[in-house]
Amino acid sequence: MAVQISPSILSADFSRLADEATRVEGIADWLHVDVMDNHFVPNLTLGLPIVESLLKATSLPIDCHLMIESPDRWAPSYAEAGAGSVTIHAEAAKAPVRTLRAIRSAGARSGFALNPATPVDYYEDLLPEIDMLLVMTVEPGFGGQKFLDVMLPKLSRARALIEKHGGEVWLQVDGGVSAETIERCAEAGADVFVAGSAVYGAEDAAKAVHDLRALAAAAQQA
Ligand code: DX5
Ligand code: ZN
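Residues numbered from 1 in each chain as written. Chains lettered and ligands numbered in written order. Predicted model: local features only at pLDDT ≥ 70, side-chain atom pairs only at ≥ 80, totals over all residues. Heavy atoms only, no water.

So, on to the overall build of the protein chain. For the protein chain, the helix and strand inventory stands at 8 helices and 8 strands. In summary, the protein chain has a C-alpha radius of gyration of 16 Å against a globular reference of 17 Å for 222 residues, a match within 12%. Along the three orthogonal principal directions, the C-alpha set of the protein chain runs to about 40 × 40 × 30 Å. Among the 222 residues that make up the protein chain, the fraction classed as buried is 55%. Across the protein chain, the fraction of contacts at a sequence separation of at least 24, relative to all contacts at a separation of at least 6, is 64%. For the protein chain, the accessible area works out to roughly 9400 Å², and carbon and sulfur atoms hold 52% of it. For the protein chain, the distance from the average site of its 17 positive side-chain charges to the average site of its 30 negative ones is 3 Å. (Helix = DSSP H or I, 4+ residues; strand = E, 2+ residues; numbered from the N terminus. Rg over C-alpha atoms; globule rule 2.2 N^0.38 Å. Buried < 20%, exposed > 50% of the residue type's maximum accessible area, 1.4 Å probe, protein only. Contact = heavy atoms within 4.5 Å. Areas by Shrake-Rupley, 256 points an atom, 1.4 Å probe, with all protein chains shown as cover. Lys, Arg positive; Asp, Glu negative; His and termini not counted. Charge placed at Lys NZ, Arg CZ, Asp CG, Glu CD.)

The 8 strands are arranged β1-β8-β7-β6-β5-β4-β3-β2 in an open sheet whose pairing can be described as parallel. Either end of the sheet is taken by a strand with one partner, and the two such strands are β1 (4-7) and β2 (31-36). Along the sheet, successive strands turn relative to each other by an average axial angle of 25°, direction set aside. Note: β1 against strand β8 (residues 192-195), 4 bridges, orientation parallel. From the neighbouring strand, Ser6 faces β8, where its bridge partner is Val194. (Pairing = 2+ DSSP bridges. Axes fitted to C-alpha atoms, helices over the stretch in contact; angles between N-to-C directions.)

This paragraph deals with the coordination of the zinc ion (ligand 2). Reference values for coordination geometry: four tetrahedral donors around a metal ideally subtend 109.5 degrees, six octahedral donors ideally subtend 90 or 180 degrees. Summarising the metal site, the zinc ion (ligand 2) is bound by the protein donors His32 (NE2), Asp34 (OD), His65 (ND1) and Asp174 (OD), whose distances to it range over 2.1 to 2.3 Å. Bound by 6 donor atoms, the zinc ion (ligand 2) shows angles of 72 to 170° at the metal and therefore octahedral coordination geometry. Every donor residue of the zinc ion (ligand 2) comes from the same chain, spaced as H-x1-D-x30-H-x108-D. Residue Asp34 is found in strand β2, and its partner His65 is found in strand β3 (residues 62-67); the two are separated by 31 residues along the sequence. (Donors = N, O, S within 2.8 Å, 3.2 Å for Na, K, Ca; no water. Tetrahedral: all angles 85-135°; square planar, octahedral: opposite > 155°, others 65-115°.)

It is worth spelling out the UniProt feature "binding site: a divalent metal cation" (unreviewed entry) in the protein chain at this point. Summarizing the sequence annotation, UniProt attributes the feature "binding site: a divalent metal cation" (unreviewed entry) to His32, Asp34, His65 and Asp174 in the numbering used throughout. Across 143 residues, the annotated set stays spatially compact, with a maximum C-alpha separation of 10.7 Å. As for its position among the elements, His32 is in strand β2. When residues no more than four places from it in sequence are discounted, the contact partners of His32 are Ser6, Pro7, Ser8, Ile9, Asp63, His65, Gln172, Asp174 and Val194. (UniProt positions renumbered as here; feature names shortened; annotations may be inferred.)

This part takes up the nonpolar core. Formed by 64 residues in total, the largest nonpolar core has its most connected members in Val86, Phe112, Leu133 and Phe193. Those residues in contact with Phe193 that lie beyond four places of it in its chain are Val3, Gln4, Ile5, Ser6, Val173, Val177, Ile182, Cys185, Ala186 and Ala216. Counting residues in each nonpolar core, the second largest holds 5 residues, with Met36, Val41, Met67 and Ala92 among its members. (Core = buried A, V, L, I, M, F, W, Y, C linked by side-chain atoms within 4.5 Å.)

By the alternation rule, side chains of β8 split into Val192 and Val194 and Phe193 and Ala195, which are all buried. In the sheet, strand β7 (residues 170-174) pairs with β8 via 2 bridges, with the strands oriented parallel. By the bridge assignment for β8, Gln172 is matched with Val192. You can see the chain leave β7, run along helix α6 (residues 182-188) and come back into β8, and the turn it takes is right-handed. (Right-handed = clockwise from strand over helix to strand, strands pointing away.)

The environment of ligand 1 is made up of 20 residues, and the closest members are Ser8, Gly141, Gly144, Gly176 and Ser197. In the model, an oxygen atom of ligand 1 is placed 2.7 Å from a nitrogen or oxygen of the Ser8 side chain. The contact in question runs from an oxygen atom of ligand 1 to an N or O atom on the side chain of His65, over 3.2 Å. With 3 residues, β2 is the single largest residue contributor to the shell around ligand 1. Partitioned by chemical class, the residues of the shell around ligand 1 number 8 nonpolar, 10 polar and 2 charged. (Near = heavy atom within 4 Å. Polar contact = N/O pair within 3.5 Å; in protein donor to acceptor, adjacent residues only side chain to side chain. Nonpolar A, V, L, I, M, F, W, Y, C, P; charged D, E, K, R; others polar.)

Position of Gly141 relative to the elements: it lies in the loop between β6 (132-136) and α5 (152-164). Counting along the chain gives 82 residues from Gly141 to Ser59, while the straight-line C-alpha distance between them is 26 Å.

A few words now on helix α2 (residues 48-57). Along α2, the positions that sit buried rather than exposed are Leu48, Val51 and Leu54. On an axial view of α2, the arc spanned by its buried residues comes to 120°, and they lie on one face. Seen from the buried face of α2, the exposed residues on the opposite side, beyond 90 degrees, are Pro49 and Lys56. If you follow the buried residues of α2, they end up packed against α1 (17-22), β2, β3 and α3 (71-81). (Arc of directions from axis to C-beta.)

Rendered as structure tokens:
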């Protein structure tokens, strides 16, 4: 699958989110929005009202990453609001099949995220319910952390499982993705790349997206 880049607004200026979205419009594929509730992760960001406002403010499809304790309760509302993709965490969902189906029925792509210590093989049977598998390459909660390269074998295993099941599921990587690490992620099989500090910490965010895409695409073809 062609490389997709999903800049994370966690590293953007929260007082000017609409403008920050505009900086990558027309160049990024998605806008990655990290919803954190201070329970599932030790950080608090934003929720449904801000996502609803962002949906009106940008033409980019929104990729909601829910780092919250009760995704079963909240995920369908993000899909109903118009998010293009809604990702729930394996460690938080109590009824993942029901919730993934509810996301799809509300018209969004269903995403399923795995923390660094969560094995991918265990979830193989859920792949038919998943449109995008997210392998975290940092412990979730904060932007700007160091990429955990011990996760690269898990990414490769995830890619192999996806291929075994027909190759339709997108494989997203999130955490420490930058010009230094994106090629290794692409080689391991990722095709959707979240980048927060590498995009919003750059002087020219659009150029950063462009450069990341070029590096990933070249590594994918190698
Ligand atoms: C971390 C979030 C990420 C974060 C990534 O828990 O899920 O989306 O914004 O930030 P960087 O790219 O700076 O590691
Ligand atoms: Zn994220």
